[in-house]
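Summary of the model geometry
Here is how the chains run, residue by residue.
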Amino acid sequence: MACGAALRAHAKVTILESVKVVREIGAAVHLAPNATRIIKALGGDLLKYGAPNVKMFKTFQPDGTPLIAVPSGTDDGENQWLLNHRVDVLEELKELATRENGPGRPCELVLNTRVVGCDPEAGTVTTSTGEVYTADIIIASDGIKSAVRSSIVGDSLNSVPSGHSAYRMLIPASKINSDPELAALKITDPNLTIIYGNGRRIICYPCRNQTILNFVCILPDSELNEISEEKWTAKGDVASLVKSYSSFAPVYQKLLGTADEVGLWQLRDQEPLHKWTKGRAILLGDAAHAMLPHQGQGASQAIEDAEAIGALLQNVSPADVPATLEEIFRIRYKRATMTQQQSRLAGLGSASRGTGDEVVKQMEAHAMNQFEFKHFTWQYRGAKDWKENHPEHVLQV
Ligand SMILES: Cc1cc2nc3c(=O)[nH]c(=O)nc-3n(C[C@H](O)[C@H](O)[C@H](O)COP(=O)(O)OP(=O)(O)OC[C@H]3O[C@@H](n4cnc5c(N)ncnc54)[C@H](O)[C@@H]3O)c2cc1C
């Protein structure tokens, strides 16, 4: 949807989507300034959904001892770090892509259409019903289980279990604030809070005018009291979740126990791909650079990809598309790969699996601390600016 929103001014866009109805599965997603700036530039407004702008970043030990509390520095109007319900982000991007009164032409959204194959040189994709779509540009943003990846990189290079899983749930703020002990935690304030230790962490933040609390609880698979799967819709068990956090203070166990239902997601890791493009096709988003969620940058990087598509594919003749897609890859690759690797390094325990990729080796040698990484990700001003002002982070021809 973000690619459609960015490209509609310059091309006739058709979006093939496998689901019957565009809707996100529960939970929330925080978007850092590098992404919110792009959405704003596309004409989007996430504030209208009541997305809080992070005021403080706070961490605590499992027994409740405060560790750090730093202002986010995002109250200047330009740098918004927004806490969003996923449904709202998707709704806004869909609106930007398909509204009548946007730039160029509205994207055509074709639902219930699963792509099963792609011929990058011919510029065609084939759907599960045998229909063939032809285009000058094929953007494969079909997620971590991409059906198109193998036709571009020559191998499916599937993701592997990272050794960690995440419980995810949304809890009404009213339920938390009606209990004085839980209300005293003040976690419905517009902050991003992490409680971590003993090899696990709880990340929580509010969304939708602070009426809903989002939780992501990450822990090693070996410490789970149930089996996780790589399925966004897989359900977990609240009692098992609470048991997995029995080494945390009773108030945190009580907090997790207020959930009516939880999702349980196996976190998977993806090696950097050696290429994202072939002919007229390019992989973007999780299909190109799926990353662990420890830095909360996966969706933000996908939105950066979309901006690059809109910025570089202007006035490009069909004959020049393959070269332009290569250029987009060169601008985006190091940045996305460094973010992917930094997300690994921020994981719990030995999340880094010692890949042989050159960019990753450089990253490991110059691992950024949290503040450097925040600067690296947040300062982004679009693909053209990155190419011009950060050549050290761009693959050279
Ligand atoms: C626990 C967890 C927490 C996270 N938190 C954050 C966060 O706070 N901030 C952040 O920036 N990122 C976060 N992420 C990462 C983020 O969710 C992903 O990086 C992001 O959703 C990737 O977007 P995408 O469009 O590339 O892929 P997806 O969101 O997977 O979208 C792929 C789309 O393609 C469609 N599709 C799939 N296959 C086909 C096919 N064959 N044919 C047609 N359509 C198809 C799907 O239906 C879907 O609509 C988190 C991830 C996890 C696991």
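Residues numbered from 1 in each chain as written. Predicted model: local features only at pLDDT ≥ 70, side-chain atom pairs only at ≥ 80, totals over all residues.

Observations regarding the domain arrangement of the protein chain
To be explicit about the condition: For each domain, the first and last residues come from an automatic or database assignment. C-beta atoms are first placed from the backbone for all residues, and any pair lying within 7 Å is then listed as a contact. Strands are runs of DSSP state E lasting at least two residues, helices are runs of H or I lasting at least four, and both sets are numbered from the N terminus onward. By the convention adopted, Pro, Cys, Tyr, Trp, Phe, Met, Ile, Leu, Val and Ala count as nonpolar, Lys, Arg, Asp and Glu as charged, and the other residues, Gly among them, as polar.
You can read the domains of the protein chain as domain 1 (28-83 + 160-269) and domain 2 (114-158 + 273-393). Distance from the C-alpha centre of domain 1 to the C-alpha centre of domain 2: 26 Å. Taken together, the contact between domain 1 and domain 2 spans 19 residues of the former and 19 residues of the latter. When residues of the side of domain 1 that touches domain 2 are traced back to their parent elements, those giving at least two are β2 (28-31), α2 (33-41), β11 (160-172), β14 (212-220) and β16 (262-269). The biggest single contributor to the side of domain 1 that touches domain 2 is α2, with five residues. In terms of residue class, the side of domain 1 that touches domain 2 is built from 11 nonpolar, six polar and two charged.

A few points about the sheet that holds strand β17 (residues 277-278)
Short version of the rule: Strands qualify as paired when DSSP identifies two bridges or more between them.
Judged by pairing direction, the sheet is mixed, and its three strands sit side by side in the order β10-β18-β17 without closing on themselves. Of all the strands in the sheet, the pair left with one neighbour each is β10 (138-140) and β17.

Considering the sheet that holds strand β15 (residues 235-236)
The eight strands lie next to each other as β4-β3-β12-β13-β14-β11-β16-β15, forming an open sheet whose pairing is mixed. Each end of this open sheet is capped by a strand with a single partner; those strands are β4 (66-71) and β15. With five bridges connecting them, strand β3 (residues 56-60) and β4 associate as antiparallel partners. Within the sheet, the bridge partner assigned to Phe60 lies in β4 and is Pro66.

Observations concerning the packing of helix α10 (residues 298-312) against helix α11 (residues 321-345)
Basically, it comes down to this: The angle between two axes is taken between their N-to-C directions and runs from 0 to 180 degrees, where each axis is a line fitted to C-alpha atoms and a helix contributes only its stretch in contact. Any angle that is under 35 degrees is reported as roughly parallel, and any over 145 degrees as roughly antiparallel; angles of 65 to 115 degrees are reported as roughly perpendicular and all others as oblique. What makes a crossing left-handed is the near helix being turned counterclockwise from the far one by less than a right angle; a clockwise turn instead makes it right-handed.
The interhelical angle for the contact between α10 and α11, taken along N-to-C directions, is 160°, at an axis separation of 10 Å. Looking at the two axes, α10 sits roughly antiparallel to α11. Relative to α11, the crossing made by α10 is right-handed. Across the interface between the two elements, Gln301, Asp305, Ala308, Ile309 and Leu312 of α10 pack against Thr324, Glu327, Ile328, Ile331, Arg332, Ala336 and Thr339 of α11. Residue composition of the contact of α10 with α11, by class: six nonpolar, three polar and three charged.

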